Amino acid sequence: MNDEISRPSTYSRKEFLNLTGSALALGALASGTRAAGAEPAAPGLKPADDLCYASARELARAIRTRQVSAREVMSAHLAGIARWNPKINAIVAKLDDDQCLSLADEADQRLARGGPVGPLHGLPFAFKDTEDAVGFPNTHGSLIYRNTRPTTDSVVVERIRRAGVIPIGKTNVPEFAMGSNTYNRVYGTTLNPYDLTKSAGGSSGGAAAALAAGLVPLANGSDLAGSLRNPGNFNNIVGFRPSVGLVPLAPVAMPFLGHVVKGPLARNVADTAFLLSIMAGPDPRDPGSYPSDPALFGQALDRDFKGARVAWCPDLGGLPLDGRVRAVLETQRTALERLGCIVENACPDLSEANELFLTLRRWVSWNTMSEVLGAHRDLIKPEAIEEIEQGRSITSEQVAQAMMAQGRLMQRMRIFQQKYEFVACAVNQVPPFPPGVHWPKEIEGERMEHYIAWMKSAYWISATFCPAISVPAGFTSDGLPVGLQIVGRYRADFAVLQMAHAFEQATKVGLRHPSIPL
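Residues numbered from 1 in each chain as written. Predicted model: local features only at pLDDT ≥ 70, side-chain atom pairs only at ≥ 80, totals over all residues. Heavy atoms only, no water.

**With respect to the sheet that holds strand β17 (residues 481–487)**
Here is the rule we go by: Should DSSP find at least two bridges between two strands, the strands are taken to pair. By the criteria applied, helices consist of DSSP H or I runs no shorter than four residues and strands consist of E runs no shorter than two, each listed in order from the N terminus. The angle between two axes is taken between their N-to-C directions and runs from 0 to 180 degrees, where each axis is a line fitted to C-alpha atoms and a helix contributes only its stretch in contact. Throughout, a residue-residue contact means that at least one pair of heavy atoms, one from each residue, lies within 4.5 Å.
Sheet architecture is open: 8 strands sit in the order β8-β10-β9-β16-β17-β13-β11-β12, paired in mixed fashion. Each edge of the sheet is formed by a strand with only one pairing partner; in this case those strands are β8 (219–223) and β12 (342–345). With strand direction ignored, the average angle separating the axes of adjacent strands in the sheet is 30°. Judged from the 4 bridges that link them, strand β11 (residues 309–312) and β12 form a sheet pairing that is parallel. Opposite A311, over in β12, you have E344 as the bridge partner. Sheet strands touched by helix α9 (residues 269–279): β8, β9 (238–241), β10 (261–266) and β16 (468–475). Its angle to β10, the strand with the most contacts, is close to 140°. Against the sheet, helix α10 (residues 323–338) engages β11, β12, β13 (422–426), β16 and β17, with an angle of about 165° to β11.

Dropping the structure here:
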């Protein structure tokens, strides 16, 4: 697994610590080049937080080259956690500070001995609380599993550990990771660092909020209906949904059925690709994973997009879209055009996406969770109960029809993308909303018929099996983040990362960080 996306200049220790505190440095470190000139510091960023907003790739390199110690990196992040986490509740089941520092000292000692270390050596990391990770509970945000202590790691955790991270805790999730609003009765609610009266999204809400606040340099997540892209969108970070099968899901009950993927989140696209190079690749424990070369994601992301065709359809052909979201996205169409793209109003035919996705989602929910529902109904939130029970009446014929509809959808998408390499649309149809509103009941006067209906712009894309990314695109007039969703061809994950990287470099929206809480 290669951490070499590009080769920046080697900085002295003093240069590194000075550089990481500016918006200029963040752009330089994200692109892997040493920039000249000066720009104002990102809003809210102060010298004490320098290490917390550095590029993960460059931070890992600085640790390996002894420009900064793992203890210094850990101390900076623990200070950020102490300041931020009581307000946003992003990291849960955290080790105490002394344990974290002791693990950082061990990482420094291992480096001093001169042995081989992984590409993420010394970076603090918190795993999503749906992953089995030895040493931490895996609650799935449910009181039913609050005392569950895994004895083995999931494949993704195993890979990230092997790359050298220092695990410090878990990141908060909605109950059973159902829904895109992170609240549960085990750990409580995760709030948005940009506005503490708003949701951080979900289901990887804790991960995204922690990244936005500078509490971790990288994070892992998963995505069925938008759980990597939605929190990326709500927190002004990058959330990447890979092609189905690129990242192993094991342990997984139904490896060949469903739309679930696991993937990376980061504050910039280069770091997202960096973590994907660790997570991706087949594993025999997940027969649904396919052969691929993770080193591809360690290559430079630069590409000339002159002549690349982009289908511009913010509302995917007529979905209700909050006017604030639409206004932000329309300002960024020109950014794609400035990259040389041919941007045209066009939309793929997603007419069967809604029914097939909901049918398969509910059928899987019933068949994997009906026993839990029968034994612990009183401990399960109403939305989860409704979804599980809706799967009870789904017949084998309906499942077969949904799978055939899936095939037709993928074929239509393939034909559409012969002309248009990318689709650009909204990630979510609304900006961040108050967490007490468990899910938006209407958008622009149109009633939402169920608790994920407001996420159709995300889960219709899930139904295509195509890779999709949320990349920061702007802010509403009241300061709420809005992302752009870029969808690529089936298994053309690297191209999606390249396009997102180019868009990110052109717009620089991701350099804006939340104000430090008092």
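**What to know about the nonpolar core**
Let me state the cut-off plainly: Among the buried residues, those of types Ala, Val, Leu, Ile, Met, Phe, Trp, Tyr and Cys that are joined through side-chain atoms within 4.5 Å form a nonpolar core. Relative accessible area decides the class of each residue, using a 1.4 Å probe on protein chains only: under 20% of the type maximum gives buried, over 50% gives exposed, and in between gives partly exposed.
L120, I160, L218, L484 and L497 are the most contacted members of the largest nonpolar core, which has 106 residues in total. For L120, the residues in contact, after removing those within four places along its chain, are A60, I160, A163, G164, V165, L218, F274, L275 and I278. Judged by nonpolar contacts, the second largest core, of 53 residues, contains V372, I452, A468 and V487.

**Description of the sheet that holds strand β2 (residues 124–128)**
The pairing of strands in a sheet happens through backbone hydrogen bonds and is either parallel or antiparallel. Across the sheet, 3 strands lie side by side as β1-β3-β2; this open sheet has mixed pairing. With one partner strand each, in any of the chains shown, β1 (91–92) and β2 form the two edges of the open sheet. In this structure, β1 lies alongside strand β3 (residues 166–171), joined through 2 bridges in antiparallel fashion. Within β3, the position partnered with V92 by the bridge is K170.

**Remarks on the environment of N345**
By the element assignment, N345 lies in strand β12. A residue is classified by how much of its surface remains accessible, and N345, at 61% relative accessible area, is exposed. Between the C-alpha atoms of N345 and A311, which are 34 residues apart in sequence, the distance is 5.8 Å. In this structure, N345 is in contact with W312 and R333, ignoring residues within four places of it in sequence.

**Digging into the pattern of salt bridges**
What counts, and what does not: Salt bridges are defined by distance alone: a side-chain nitrogen of Lys or Arg within 4 Å of a carboxyl oxygen of Asp or Glu.
Scanning the model with the defined rule gives 25 salt bridges in all. Ionic pairing is found between E158 and R162, a salt bridge with its closest N-O pair at 3.8 Å. One end of the pair, E158, and the other, R162, are both in helix α6 (residues 155–162), 4 residues apart, so they sit about a helical turn from each other. Judged by relative accessible area, R162 falls into the exposed class, the value being 53%.

**A short note on helix α7 (residues 205–212)**
Burial of α7 is extensive: 8 of the 8 residues sit out of reach of the surface. Listing the buried residues of α7 in full gives G205, G206, A207, A208, A209, A210, L211 and A212. With its phi angle positive at about 75°, G214 sits one or two positions after the end of α7.

**Topic: the environment of L316**
With respect to the helices and strands, L316 occurs in the loop between β11 and α10. For the pair formed by L316 and S393, sequence separation is 77 residues and the distance between their alpha carbons is 30 Å. Every residue in contact with L316, bar those within four places of it in the chain, is listed here: C347, L350, C425, K456, S457, W460 and I461.

**Some remarks on the side chain of D315**
Positionally, D315 belongs in the loop between β11 and α10. Beyond its immediate sequence surroundings of up to four residues, D315 is in contact with L321 and R326.

**Topic: the environment of E444**
Worth spelling out the cut-off: For the purposes of these results, a polar contact is taken to be a pair of N or O atoms within 3.5 Å, where, inside protein, one atom must be able to donate a hydrogen and its partner to accept one; residues adjacent in sequence count only when each atom of the pair is a side-chain atom.
As for its position among the elements, E444 is in the loop between β14 (442–443) and β15 (446–447). Between the C-alpha atom of E444 and that of G323, which follows or precedes it by 121 residues, the distance is 7.7 Å. When near neighbours in sequence (up to four residues on either side) are disregarded, E444 contacts L321, D322 and G323. Polar contacts involving the side chain of E444 include one to the main-chain amide nitrogen of G323, which spans 3.2 Å.

**A word on the side chain of E421**
The topology assignment puts E421 in the loop between α13 (396–419) and β13. Reaching out from E421, the side chain makes a polar contact with the side chain of R303 at a distance of 2.8 Å. When residues no more than four places from it in sequence are discounted, the contact partners of E421 are R303, A308, R309, V487, G488, R489 and A495.

**Looking at the packing of aromatic side chains**
Defined as follows: Stacked, edge-to-face and tilted labels apply to pairs of Phe, Tyr and Trp rings (six-membered ring for Trp) whose centres lie within 6.5 Å, assigned for plane angles under 30 degrees, over 60, and everything in between, in that order. Placement of a charge over a ring requires the Lys NZ or Arg CZ to be within 6 Å of the ring centre, with the centre-to-atom vector within 35 degrees of the ring normal.
This structure, assessed with the given rule, holds 10 aromatic pairs. Relative to W454, the ring of F234 has its centre 6.3 Å away and its plane inclined at 25°; by these criteria the two rings are stacked. Placement of the pair is F234 in helix α8 (residues 229–234) and W454 in the loop between β15 and α14 (456–462), with a sequence separation of 220 residues. Taken together, the ring pairs in this structure connect F234, F433 and W454 into an aromatic cluster. The ring of W439 has K441 lying over it, and the distance from NZ or CZ to the ring centre is 4.4 Å. When the ring centre of Y290 is taken as origin, the NZ or CZ atom of R491, which lies over that ring, is 3.7 Å away.

**Section: the state of the cysteines**
This is how it is decided: Cysteine sulfur atoms that pair up within 2.5 Å are treated as a disulfide.
Taken as a whole and assessed by the stated rule, the structure comprises 0 disulfides. C100 provides the cysteine sulfur closest to C52, a residue in no disulfide bond, and the two sulfurs are 13 Å apart. Owing to a relative accessible area of 1%, C52 belongs among the buried residues under this scheme. Sulfur of C347: no disulfide; nearest cysteine sulfur belongs to C313 and is 3.8 Å away. Residue C347 is classed as partly exposed on the basis of its relative accessible area of 29%.

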